[in-house]
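These are the residues of each chain, in order.
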Amino acid sequence: MAHVEGQQHPLKIYFWIWGLLFLLSAFSYGTDFLPDGYFRLGLILLFMLLKAGFIVAIFMHMAWERVALICAIIGPPTVLLVLIGLMAVEGDYTVLTRLDFFSEPPAPAGVEHH
Amino acid sequence: MAQDGVTAAAHAPAPEGWQSFVSDWSSDKQTFHVPWGKAMMWIFLLSDTFIFTCFLTGYMNVRISSSVPWPNPSEVFALTFFGQSIPLILIAIMTFVLITSSGTMALAVNFGYRRDRARAASLMLITAAFGAVFVGMQAFEWTKLITEGVRPWTNPMGAEQFGAAFFMITGFHGLHVSAGVIYLTIIAMRIVNGFYERRGGNYEIVEIAGLYWHFVDLVWVFIFAVFYLW
């Protein structure tokens, strides 16, 4: 067994990542003061993925795990991207349908409805 | 070990039906060369990933599909200090509390493997205390929103789905934090009273508990980004 001694790494790396997570969280909070738009949304997602990556790789020691375990844990959630994509498309369709059917001003009497 | 397995299988009669099912899965094969507790914790966390993703995806879907304006979280979660309204400040503090607790947990794992029982246990208790602070702040946040009239089925600020998504997602995450506080406290007590010393001084359990705690922090990273910042 290669990992009998467990995951032991110098403390220095934890302090570095700790500081980095603080910095990234501050940046995340900072996006709240930016104007809404794709730039802000992109930054939110970028900082989110960076923080998540550092937590999984360093704090949860995934970077030093065996490839079999990494694939078994990181692989399956990638299918969730398909679900997220489908639900985003579906949500767009639903809101457009709602706007189309529910927001129309009532048609004046006598005018043919189409 | 593999050699023994092959010879044993060659001599024994080939099992059939459910017996073959059991023998196929239990034969002398090991995929994950890590302690079994760690592999099981990872698989549990994988299932939890699916649950939280389903919640967040459901939230995304109702938010996109609502034709009623969504309440602005930046204003809903603002607090007023000294007459100044600071947007989202409570949530920002909660984020920093949880990240701090993740750091202390990472150190506890390290001291656990060094068999430094006093430091490992006290760092775990500090982690649990930060977790309790987090849950306390969440209780404050819930109270604030409930007094403002937010319910899972309605809210005075806009789309009804806001209340449903808020209570469901933060409630489920808060339950995880609360369970983590209890879990870490139990493990820390066992470290102190020598439970693991009597079992050969193996402190893998600290890393396994740490995985759970970091996962709770990880989920908060996603909730903070997509629920509070978006």
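Right above here is the structure, for reference.
Presented here is an overview of the structure given in this document. Please read these numbers as outputs of a predicted model, since none were measured by experiment. (Residues numbered from 1 in each chain as written. Chains lettered and ligands numbered in written order. Predicted model: local features only at pLDDT ≥ 70, side-chain atom pairs only at ≥ 80, totals over all residues. Heavy atoms only, no water.)

**A closer look at the overall build of chain A**
Then, number 1: Per the secondary structure count, chain A includes 4 helices and 0 strands.
Then, number 2: Seen in sequence order, chain A has helices and strands lined up from the N terminus as α-α-α-α.
Then, number 3: With 114 residues in all, chain A has 32% of them scored as buried.
Then, number 4: A fraction of 55% describes how many contacts in chain A between residues 6 or more apart in sequence connect residues 24 or more apart.
Then, number 5: Total accessible area on chain A is roughly 7400 Å²; 74% of this is exposed by carbon and sulfur atoms. (Helix = DSSP H or I, 4+ residues; strand = E, 2+ residues; numbered from the N terminus. Buried < 20%, exposed > 50% of the residue type's maximum accessible area, 1.4 Å probe, protein only. Contact = heavy atoms within 4.5 Å. Areas by Shrake-Rupley, 256 points an atom, 1.4 Å probe, with all protein chains shown as cover.)

**A look at the overall build of chain B**
Then, number 1: The helix and strand tally for chain B stands at 8 helices and 2 strands.
Then, number 2: A globule of 230 residues ought to have a C-alpha radius of gyration of about 17 Å, yet chain B, at 23 Å, is considerably larger.
Then, number 3: Reported as C-alpha extents along the three principal axes, the dimensions of chain B are approximately 80 × 45 × 20 Å.
Then, number 4: Counting the 230 residues in chain B, one finds 50% classified as buried.
Then, number 5: Summarising the internal contacts of chain B: among those between residues at least 6 apart in sequence, 74% fall at separations of at least 24.
Then, number 6: For chain B, the accessible area works out to roughly 10800 Å², and carbon and sulfur atoms hold 67% of it.
Then, number 7: Distance between charge centroids for chain B: 10 Å, based on 12 positive and 14 negative side chains. (Rg over C-alpha atoms; globule rule 2.2 N^0.38 Å. Lys, Arg positive; Asp, Glu negative; His and termini not counted. Charge placed at Lys NZ, Arg CZ, Asp CG, Glu CD.)

**Points about the pattern of salt bridges**
Then, number 1: The tally for this structure, following the rule as stated, stands at 7 salt bridges over all chains.
Then, number 2: Note that A:Asp36 and A:Arg40 form a salt bridge whose closest N and O atoms lie 2.8 Å from each other.
Then, number 3: For B:Glu197, the salt bridge is made with B:Arg115, and the minimal N-O distance between the two is 2.9 Å. Here B:Glu197, found in the loop between helix 7 (161-192) and helix 8 (204-229), pairs with B:Arg115, found in the loop between helix 5 (89-113) and helix 6 (117-147); they are 82 residues apart in sequence, far enough to count as distant.
Then, number 4: Judged by its relative accessible area of 30%, B:Glu197 falls in the partly exposed class.
Then, number 5: Salt bridges sharing partners connect three or more residues here, namely A:Asp32, A:Asp36 and A:Arg40. (Salt bridge = Lys/Arg side-chain N within 4 Å of Asp/Glu carboxyl O.)

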